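The primary structure of each chain is shown beneath.
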Amino acid sequence: MSTILFELGCEELPPKSLKPLRDALQASVTEQLTAADITFDSIKAFAAPRRLAIQIQGISDKQPDRTEQKRGPAIKAAFDAEGNPTRAAMGFAKGLGIEASELTTIKTDKGDYVGFEQTIRGQATTELLPAIFQTALDNLPIAKRMRSGASRNEFVRPVQWAVLMQDDTVIDATIQGHQTGTQTRGHRFHSPDYHSIAHANDYEELLSGLKVVADFDKRQMLIKNQVKALADEVNSDAIVPQDLLDEVTALVDFPIALRASFEARFLQVPQEALISTMQADQKYFCLTDKTGKLQPYFIFITNIESKDPNQIIEGNEKVVRPRLADAEFFFLQDQKQPLFALTESLKNRVFQDKLGTIWEKSERIAKLAAFIATLMQQQGHDINVDETVRAGMLSKADLASSLVGEYPELQGIAGTYYARLNEEPEAVAASLEEQYLPKFSGDVLPQTPIGICLALADRLDTLVGIFAIDQAPTGSKDPFSLRRSAIGILRILIEKQLPINLVALVEQAIKGYSDAEGSKIAKMGDTFTQVMAFLNSRYRAMYTEQGVSVDTIQAVQAINPHMPLDFDQRIRAVQAFSELSQASMLADSNKRVANILAKSEVSVADTVDETLLSESAEQNLYANVQQAQTVIQPLLEQADYTQVLQTLASLDEPLTQFFDQVMVNSEDAALKNNRLALLKQVRALFLTVADISELQL
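About the thresholds
- Residues numbered from 1 in each chain as written.
- Predicted model: local features only at pLDDT ≥ 70, side-chain atom pairs only at ≥ 80, totals over all residues.
- Heavy atoms only, no water.
- Salt bridge = Lys/Arg side-chain N within 4 Å of Asp/Glu carboxyl O.
- Helix = DSSP H or I, 4+ residues; strand = E, 2+ residues; numbered from the N terminus.
- Buried < 20%, exposed > 50% of the residue type's maximum accessible area, 1.4 Å probe, protein only.
- Axes fitted to C-alpha atoms, helices over the stretch in contact; angles between N-to-C directions.
- Left-handed = near helix turned anticlockwise from the far one by under 90°.
- Contact = heavy atoms within 4.5 Å.
- Nonpolar A, V, L, I, M, F, W, Y, C, P; charged D, E, K, R; others polar.
- Parallel < 35°, antiparallel > 145°, perpendicular 65-115°, else oblique.
- Pairing = 2+ DSSP bridges.
- Expected span 1.5 Å × (residues − 1).
- Polar contact = N/O pair within 3.5 Å; in protein donor to acceptor, adjacent residues only side chain to side chain.

(A) Inspection of the pattern of salt bridges at higher detail. Tallied over the entire structure, the rule returns 33 salt bridges. For K44, the salt bridge is made with E204, and the minimal N-O distance between the two is 3.4 Å. With K44 in strand β2 (residues 42–48) and E204 in helix α5 (residues 203–209), this residue pair connects regions lying 160 residues apart in the sequence. Here D458 makes a salt bridge to K396, at a shortest N to O gap of 2.7 Å. Here D458, found in helix α15 (residues 449–468), pairs with K396, found in the loop between α11 (385–394) and α12 (402–406); they are 62 residues apart in sequence, far enough to count as distant. Of the residues examined, K396 reaches a relative accessible area of 4% and is grouped as buried.

Structure, rendered in structure tokens:
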């Protein structure tokens, strides 16, 4: 058992790719070692700005020997009548490099064959490793490879050196066009010269002395701890997005965190703009107080251990000041006119060629949001319809602002700031930011009633319009993010407990595209059908992500509820039903009932003639059905589907007895049709909640 060290030294690797490259390298090497039957105790990958490395400890020196059985021709074809080997046998033996006399007999179910067992000696690990590492490098997820100088070898960045060692010995190889050795390099500035690695186990410790923390995760933890310590000194919390943290970790060999500050006057600018520019442009970690308000500090990570850190701090403060000043300028420039005045320029900005301008979209959003607000009012929600219309007309105003022009991610957020400065009602101002929620899977939902109306109206308008012009998502292509929008609509209606019918919403959204000159939607009926089908198809994606089984979703989809909140209540009821001991039997019985009814050649009556119930089992089932109908009616009115299915579970035994003792397809047509009518009532009872026959229990 020994230790293997592989290191590839390069020019600075792309920071956003460094972590994925590290993980892919380790995964590929591990997979290849396993496939080659080479055992090892542990494998660890290293990644720093100028290197990717793998250290494997406790690795076996060679592959294990293995025995292979080679089978040749059948005995009858291998030997003649006198028992002498034929040309077939001799040819087989020659191919194996043995004499025909060394062949053995292999007995199989299909007869006897000649054969030979040979031992394949395992290769030395050191012979296999160069190809394993080169293959791993070739398979790295690199979007675009490059060549360096006259070399024909391609990699993400020019390669400078290669190390491949077994313990204290070099494994001679050429990788990425470089001869392997023991020479590595330290920090570009603090320790730029080549240094020899005495032993593969010394790698991490040696680099640490050369001002390189080679372990990506360890380097990241150092950054997090330093940032927290500096933030605590000013009683603040650092904003540390994981993507930014990964990128900063990939930019430095030897992280040193420093805190700087900026003028407090910049805090009048929307803090989202300041945070955006400091994170995206400068890779800074911003600081907030305990309530989330931005503080006039930022923390940055330097790759140099400076004798005079103040110079570095002052340099960063000097660099960031113009960027913050730009944000301040845009913010003040926008305030020279009220927010509503910005909507004028939206009349010349196209939303989509065939669907009109952004101004027209704002008008449609206002009308549809008012419709939704009216429905919410009727359901007891405290919402002002006039304010909802005002919010709809202002909803896209900030798209014409200088601030959003520079920071597109601030759409909605900027509108909320400007609306408050213009003393718009708080309900209107807050809704302008909330209209874009949820922005991604699992994101928060809008909280205010008007924000909910805008969020629904905006998504429905886009959904209907894009389907109307035949640009629905295809395969993996969804340029308008309609799948995300559809799930957003469903989530809002379900999680905000809004009993609103999708049919009414989609119909109203389609009407919004009509004016005195006609409609922008040529085929309203087709558009309605396609949008409804698309929305219903999103249930599966949404619920499977929550861990709901596909058959449960299909059971509810089979009855096609049009109200998302109602759909969700049915899903929860079917989930609870599936846990019952009677569920499996009832699911099978429902399948049987459905099949019997489907095969009926006559129209099955809705009512049962009690006088024709001749068998005790069918009389018992009928009595139980009658009782269940009475019990579940008030439960259905309360949408208590869980209790409905709990009640219907009592039909398990009567149904089982019915199928055991009653011949449905009686020769007496009247009896047969009456029994079919009874089964139709049983089927109808379960279909009040879902199609239980879809369950695979």
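(B) Highlighting the packing of helix α22 (residues 616–637) against helix α25 (residues 669–687). Running from amino to carboxyl end, α22 crosses α25 at an angle of 35°, the nearest separation of the two axes being 10 Å. When you trace α22 past α25, the crossing you get is left-handed. The segment α22 lies against α25, with E618, L621, Y622, V625, Q626, A628, Q629 and I632 engaging R675, L678, Q681, V682 and L685. Residue composition of the contact of α22 with α25, by class: eight nonpolar, three polar and two charged.

(C) Quick look at the environment of V389. Looking at the element boundaries, V389 is found in helix α11. As for V389 and L648, which are separated by 259 residues in sequence, their C-alpha atoms are 47 Å apart. The contacts of V389, once residues within four sequence positions are left out, are A366 and A370.

(D) Molecular detail of the packing of helix α14 (residues 426–434) against α15. Across the interface, α14 lies against α15 with an axial gap of 8 Å and an inter-helix angle of 40°. Relative to α15, the element α14 is oriented oblique. Along this stretch, α14 crosses α15, giving a crossing that reads as right-handed. On α15, the residues touching A427, S431, L432 and E434 of α14 are I450, G451, L454 and A455. Its residues assigned to classes, the contact of α14 with α15 shows five nonpolar, two polar and one charged.

(E) Representation of the pairing of strand β1 (residues 2–10). Of all nine residues in β1, nine are buried, a share of seventy percent or more. Covered by surrounding structure in β1 are S2, I4, F6, L8 and C10 together with T3, L5, E7 and G9, the residues of both alternating faces. Pairing between β1 and strand β3 (residues 51–59): seven bridges, direction antiparallel. Bridging from a neighbouring strand, S2 pairs with I59 of β3. Relative to strand β9 (residues 159–166), β1 runs antiparallel, the two being bridged by seven bridges. When the bridges of β9 are listed, I4 appears paired with Q166.

(F) Fine view of unusual backbone geometry. With an omega of -5°, the peptide bond running from L437 to P438 counts as cis. Residue position: P438 is located in the loop between α14 and α15. Positive phi, normally seen in glycine, also occurs at D167, with a value near 55°. Take D167: it is sitting in the loop between β9 and β10 (169–170). Even without glycine at this site, Q497 takes up a positive phi of about 55°. Position of Q497 relative to the elements: it lies in the loop between α16 (482–495) and α17 (502–511).

(G) The arrangement of α15 in detail. Counted at 1.5 Å a residue, the expected span for α15 with its 20 residues is 28 Å, and the 29 Å between its end C-alpha atoms agrees. Within α15, 18 of the 20 residues are buried, which leaves the element mostly enclosed by the surrounding structure. Positive phi appears at D470, one or two residues downstream of α15, with a value of about 60°.

(H) View of the side chain of T388. Of note, T388 is situated in helix α11. Assessed through its relative accessible area of 0%, T388 is described here as buried. Among the polar contacts listed, one links the side chain of T388 to the backbone oxygen of N384, at a separation of 2.8 Å. Those residues in contact with T388 that sit more than four places away from it in its chain are A369, A370, A373, I383, I450, C453 and L454.

(I) Structural context of the sheet that holds β10. Pairing is antiparallel in the open sheet, where five strands are placed in the order β2-β3-β1-β9-β10. Bordering the open sheet on either side are β2 and β10, each of which pairs with just one other strand.

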